[in-house]
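Okay, here's what each chain looks like letter by letter:
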Amino acid sequence: TIKLPAMEEREIRVALESQLEENVPLSALEAVFDYEVIPEIYKNGHLDVSLAAAPKNFAESYAEVFQKAGFQPVVFDLESRALVRSLVAHGDNSCQMIINFGATATNFVIAVGGRARFAAVIKAAGRMLDQAIAKAFSVDLPEAEKIKKEKNTLGLAENDELFTALLPVVSAVADEVCRHISYWESHQDEHGGPRSKIEKVVLTGGDANLNGLVDYFSHRIGLPVEYGNVWTNVFSLNHYLPEISFKDSLRYAVALGLFLYED
């Protein structure tokens, strides 16, 4: 989040470009960036904007892939912003952490008032669960993934061997969650005031489906933990039930967030 002097909307991009290197390790020539104005935050004549930036060559490599495949890309966005767009209901002004437990990485996003305000990523993820199972049960990775899906549990007595195998990875994720929450809550906001306290943790991602994971994280973190509803801003489950299960839908939080992008 960047604090700017109060200015007209048309002036914001130029102002951000001039001070980009102060906030991200990229020059304006090396980066592509976009921003969202954070509404209702005008303090002492200042304006807050949420800045998203990426290396230009990285972004262009994605565009090139689509163009060579015969598609015309319309927009690219960061995973963190897509997650918030799909999982935080319109009008929800609470402070919450989203954990996207994927196959190759786990993303943490702290959202306040429906805007991504902080994001981080670690490599402890679903593939490491597979590797841990493969080592513990002396099987190859495809078989390890099969065991994970079939037993699909964390902490039940009849699966103690599986619990022992998975615990180091799951514990590493929980440690990172606690560290990022502590960092967020112990630092002041852009105006020198206390930051909002995180009220809950929302789990999503294809590898968030382990039974017992919500209870384990809740115990370790000391906050309410729940699975995210990826359909929150698409339709009401009271009026329509999609053809895929709720747990399967957790894989599509980012995709639905991109679908909900508004220029």
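Further up the page is the structure itself.
Rules used in this analysis
Residues numbered from 1 in each chain as written. Predicted model: local features only at pLDDT ≥ 70, side-chain atom pairs only at ≥ 80, totals over all residues. Heavy atoms only, no water. Core = buried A, V, L, I, M, F, W, Y, C linked by side-chain atoms within 4.5 Å. Buried < 20%, exposed > 50% of the residue type's maximum accessible area, 1.4 Å probe, protein only. Helix = DSSP H or I, 4+ residues; strand = E, 2+ residues; numbered from the N terminus. Contact = heavy atoms within 4.5 Å. Polar contact = N/O pair within 3.5 Å; in protein donor to acceptor, adjacent residues only side chain to side chain. Pairing = 2+ DSSP bridges. Axes fitted to C-alpha atoms, helices over the stretch in contact; angles between N-to-C directions. Salt bridge = Lys/Arg side-chain N within 4 Å of Asp/Glu carboxyl O. Patch = residues over 30% accessible without salt bridge, like charges linked within 9 Å, V, L, I, M, F, W, Y side chains within 5 Å. Areas by Shrake-Rupley, 256 points an atom, 1.4 Å probe, with all protein chains shown as cover. Arc of directions from axis to C-beta.

**Student:** So what exactly am I meant to see when it comes to the nonpolar core here?
**Tutor:** One recurring pattern in soluble globular proteins: nonpolar side chains tend to sit buried together. Core analysis: the biggest nonpolar cluster contains 38 residues, and Met-97, Phe-108, Val-173, Val-177, Ile-198, Leu-203 and Phe-217 have the highest contact counts within it. Those elements giving two or more residues to this core turn out to be strand S4 (95–101), strand S5 (106–112), strand S6 (115–122), helix H5 (126–137), helix H6 (141–151), helix H7 (160–186), strand S7 (200–204) and helix H8 (213–221). Take this core: its biggest share by element is 9 residues, from H7. In contact with Phe-108, other than residues within four places in its own chain, are Met-97, Ile-98, Ile-99, Phe-118, Ala-119, Ala-120, Ile-122, Val-173, Glu-176, Val-177 and His-180. Within the second largest apolar cluster, 14 residues are counted, among which are Leu-20, Leu-26, Phe-33 and Leu-51.

**Student:** Sorry if this is basic, but what is going on with the side chain of Asp-77 here?
**Tutor:** If you trace the backbone, Asp-77 turns up in the loop between helix H3 (56–68) and helix H4 (79–87). Of the polar contacts made by the side chain of Asp-77, one reaches the side chain of Arg-81; its length is 2.9 Å. A polar contact is formed between the side chain of Asp-77 and the side chain of Arg-85, at a distance of 2.5 Å.

**Student:** Sorry, what's going on with the sheet that holds S4 here?
**Tutor:** Two pairing modes exist for strands in a sheet, parallel and antiparallel, and in both the strands are linked by backbone hydrogen bonds. Pairing is mixed across the open sheet formed by 5 strands, whose spatial order is S6-S5-S4-S7-S8. In this open sheet, the two edge strands, each paired with only one partner strand, are S6 and strand S8 (225–227). Averaged over all pairs of adjacent strands, the angle between their axes in this sheet comes to 25°, without regard to strand direction. Strand direction decides the pairing type here: S7 and S8, joined by 3 bridges, are parallel.

**Student:** Sorry, what's going on with the pattern of salt bridges here?
**Tutor:** Pairing is possible between side chains that carry opposite charge, provided their charged atoms lie close to one another. For the structure shown, the criterion picks out 13 salt bridges. Here Arg-115 makes a salt bridge to Glu-36, at a shortest N to O gap of 3.9 Å. In this pair, Arg-115 is assigned in strand S6 and Glu-36 in strand S2 (residues 31–43), connecting sequence segments 79 residues apart. Judged by its relative accessible area of 24%, Glu-36 is partly exposed.

**Student:** Where do I start with a nonpolar patch on the surface in this structure?
**Tutor:** Side chains of Phe-58, Tyr-62, Val-65, Phe-66, Phe-71 and Phe-76 sit close together on the surface and give an oily, nonpolar patch of about 640 Å² of accessible area. Counting through the fold element by element, Phe-58 comes out in helix H3.

**Student:** What should I look at first to understand H6 in this one?
**Tutor:** For an α-helix the count is 3.6 residues per turn, leaving residues at separations of three or four pointing the same way. Those residues of H6 lying buried are Ala-144, Ile-147 and Lys-148. With its buried residues spanning 100° around the axis, H6 presents them on a single face. Facing away from the buried side of H6 by over 90 degrees, the exposed positions are Pro-142, Lys-149 and Glu-150. Downstream of H6 by one or two residues, Asn-152 has phi in the positive range, about 45°.

So far we have only geometry, and geometry alone does not tell us how the molecule works.
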